[in-house]
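Single-letter residue listing:
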Amino acid sequence: MNSLGLYLHIPYCLHKCGYCDFNSHPENQAEAEVYISALLAEIDHYAVKLKEKRVPTVFFGGGTPTILPPDHLDKILGRVKNRFDLTQNCEISIEANPATVECETLEQIRLSGFNRISIGVQSFDAEELKLLERVHNQEEIHTTVDRARQAGFNNLSLDLMFSLPGQSPEKWKSHLQQAVNKKPDHLSAYGLTIEPATSFFKLQERGLLQLPHEDIQLEMLETTIGFLQSAGYEHYEISNYAKPGYECQHNLNYWNNGEYLGLGAGASSYLNGERFKNINLPSRYIREVQVGGTAVESTERLEPLHAMGETIMLGLRQLKGISIENFENRFQVSFNTVYGKVLAPLLEERLITLNQNRMALSRKGLFIADSVILKFLA
Ligand code: SF4
């Protein structure tokens, strides 16, 4: 494979949200300065090794990338452009938190070359934002979206969350309506899940936090799909919706099991059949990169059966599913020989569809996607 998605992790946030299990740490300006130097060194290290690769997507995620001053973001992106072979229409995304972006920031990062922005809205309701411990308010959502458009971002995505404690399907629908009113090109809608090692997990254990009943959660997912489709968004991945031509190319590469390089603390990579992951803690990441140019903590070479399972797991997240022919060519196996016994009952229960040699989740399968996908990993 000759193309490579590039991910850069900025691990700092103004405040740790109660549900967050991402690799995010409290803002630390002094450390961030050194972190950027380490990131630049890591860019240099890999660019030499991967100079044959073309880069069609770059994604700055976090944490909160926009917590860094725009000139720092410009410096990092400048180094990426300088060292890697970015394609002419390279999609260059940045995640933004409404509480961290001024008008000038948006103009500057657009001028630096970022051409796609993903804004973490989560909710339009003050009480829900407080519950999630988000640091922005409703007004900041509106001004950030409007200013991003004024700054020239014509590929704009909003992130929303549903299945929040105490949230009704009607309330959720009103958030969808408000989101659609902002005319984003792309929307991600994630159901809240409670992960271990979060403060929400502890609250749940003490019986102080309860998600809506499973049936309500399914109703919200069904509402999301119907509402966004009728507003002109294609449902292309379990949690993602796009106007035609605005699917997130960076994530599509990931779901298609393409190669990607993750730079920064805790970032993961998939290259030449190997998965590897960097050290999470920014201070340790910095030390390792200063010594040897990289900060890899663990490496795993995927055995064929594992690699096949992952391809199916990622591919089925997309509504179009996976091409059996491509799968067989890639792994040089008969799909039926390896997965015939898994597939038969799923087809019988109408959880999977098989059309024109493509396998996809059915509408029924979509609602229990995780358990259907698990069957291919057993
Ligand atoms: S802003 Fe995002 S990355 Fe940062 S703590 Fe909140 S959920 Fe986590």
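The structure presented is a predicted model; accordingly, all values stated were derived computationally and were not measured. (Residues numbered from 1 in each chain as written. Predicted model: local features only at pLDDT ≥ 70, side-chain atom pairs only at ≥ 80, totals over all residues.)

This brings us to the domain arrangement of the chain. Entries for the chain in the domain assignment read domain 1 (3-255) and domain 2 (323-375). The straight-line distance from the C-alpha centre of domain 1 to that of domain 2 is 30 Å. (Domains from an automatic or database assignment.)

A few words on the site of the ligand. Close to the ligand lie Cys13, Lys16, Cys17, Cys20, Phe22, Ser24, Gly62, Gly63, Thr64, Asn97 and Gly120, which account for all nearby residues. Residues belonging to the shell around the ligand are distributed by class as follows: four nonpolar, six polar and one charged. (Near = placed C-beta within 6 Å. Nonpolar A, V, L, I, M, F, W, Y, C, P; charged D, E, K, R; others polar.)

Attention now goes to the sheet that holds strand E17 (residues 358-361). Strands pair in a sheet through their backbones, by hydrogen bonds, and they do so in one of two ways: parallel or antiparallel. Read from one edge to the other, the open sheet built from three strands follows the order E15-E17-E16, with strand pairing classed as antiparallel. The open sheet terminates on both sides in strands that have one partner only, identified here as strand E15 (322-323) and strand E16 (352-355). (Pairing = 2+ DSSP bridges. Helix = DSSP H or I, 4+ residues; strand = E, 2+ residues; numbered from the N terminus.)

This part takes up the nonpolar core. Counting residues in each nonpolar core, the largest one holds 68 residues, and the members touching the most others are Leu6, Leu8, Ile117, Leu160 and Leu187. By size, the runner-up hydrophobic cluster in this structure holds 13 residues, among which are Ile322, Phe327, Met359 and Val372. (Core = buried A, V, L, I, M, F, W, Y, C linked by C-beta atoms within 7 Å. Buried ≥ 20, exposed ≤ 12 C-beta atoms within 10 Å, placed from the backbone.)

Moving on to the pairing of strand E1 (residues 3-10). Put simply, side chains in a regular strand alternate between the two faces of the sheet. Of all eight residues in E1, seven are buried, a share of seventy percent or more. By the bridge criterion, seven bridges tie E1 to strand E4 (residues 54-62) in an arrangement that is parallel. Bridging from a neighbouring strand, Gly5 pairs with Thr57 of E4. Looking at chain direction, E1 and strand E11 (residues 260-263) are connected through four bridges and run parallel. Paired with Leu8 across the two strands is Leu263, which belongs to E11.

For the rest of this paragraph, the subject is the packing of helix H1 (residues 29-49) against helix H2 (residues 70-83). Angle between the axes and distance between the axes are the two parameters that describe a pair of packed helices. For the pair H1 and H2, the least separation of the axes is 10 Å and the interaxial angle reads 10 degrees. With respect to their mutual orientation, H1 and H2 come out roughly parallel. Counted together, Ile36, Leu39, Leu40, Ile43, Asp44 and Ala47 of H1 and His72, Lys75, Ile76, Arg79, Val80 and Arg83 of H2 form the full contact between these two elements. (Axes fitted to C-alpha atoms, helices over the stretch in contact; angles between N-to-C directions. Parallel < 35°, antiparallel > 145°, perpendicular 65-115°, else oblique. Contact = placed C-beta atoms within 7 Å.)

A separate point is the environment of Val291. Tracing the chain through its elements places Val291 in helix H10 (residues 282-292). In the structure, Val291 is positioned 253 residues away from Ala38 in sequence and 10.0 Å away in space, judged by C-alpha atoms.

So, on to unusual backbone geometry. Of note, the amide linkage connecting Gly62 to Gly63 takes the cis form, showing an omega dihedral of 20 degrees. Along the polypeptide, Gly63 turns up in the loop between E4 and H2. The phi dihedral of Asn257 is positive, around 60 degrees, even though this residue is not glycine. Relative to the elements of secondary structure, Asn257 occurs in the loop between helix H9 (249-255) and E11. The class of Asn257 is buried, set by 20 C-beta atoms lying within 10 Å. Residue Asn357 is not a glycine yet carries a positive backbone phi of 65 degrees. Looking at the element boundaries, Asn357 is found in the loop between E16 and E17.

Close contact between helix H6 (residues 169-181) and helix H8 (residues 214-230) brings their axes to 10 Å; oriented N to C, the two are set at 25 degrees. Between H6 and H8, the crossing angle belongs to the class labelled roughly parallel. For H6 against H8, the interelement crossing comes out right-handed. Each of Pro169, Trp172, Lys173 and Leu176 in H6 lies in contact with H8, whose residues at this interface are Ile216, Glu219, Met220, Thr223, Thr224, Phe227 and Leu228. In the contact of H6 with H8, the residues fall into seven nonpolar, two polar and two charged. (Left-handed = near helix turned anticlockwise from the far one by under 90°.)

Along the chain, Phe276 falls in strand E13 (residues 274-278). The class for Phe276 is partly exposed, based on 18 C-beta atoms found within 10 Å. The residues touching Phe276, leaving out its near neighbours within four places in the chain, are Ser269, Val296, Ser298 and Thr299.

Further remarks concern H1. Between its first and last C-alpha atoms H1 spans 31 Å; for 21 residues at 1.5 Å apiece the expected length is 30 Å, and the two agree. Residues Tyr35, Ala38, Leu39, Glu42, Ile43 and Tyr46 constitute the buried set of H1. Taken down its axis, H1 places every buried residue within 150 degrees of arc, on the same side. Summarising the geometry of H1, the exposed residues directed more than 90 degrees from the buried face are Ala30, Glu33 and Val48. (Expected span 1.5 Å × (residues − 1). Arc of directions from axis to C-beta.)

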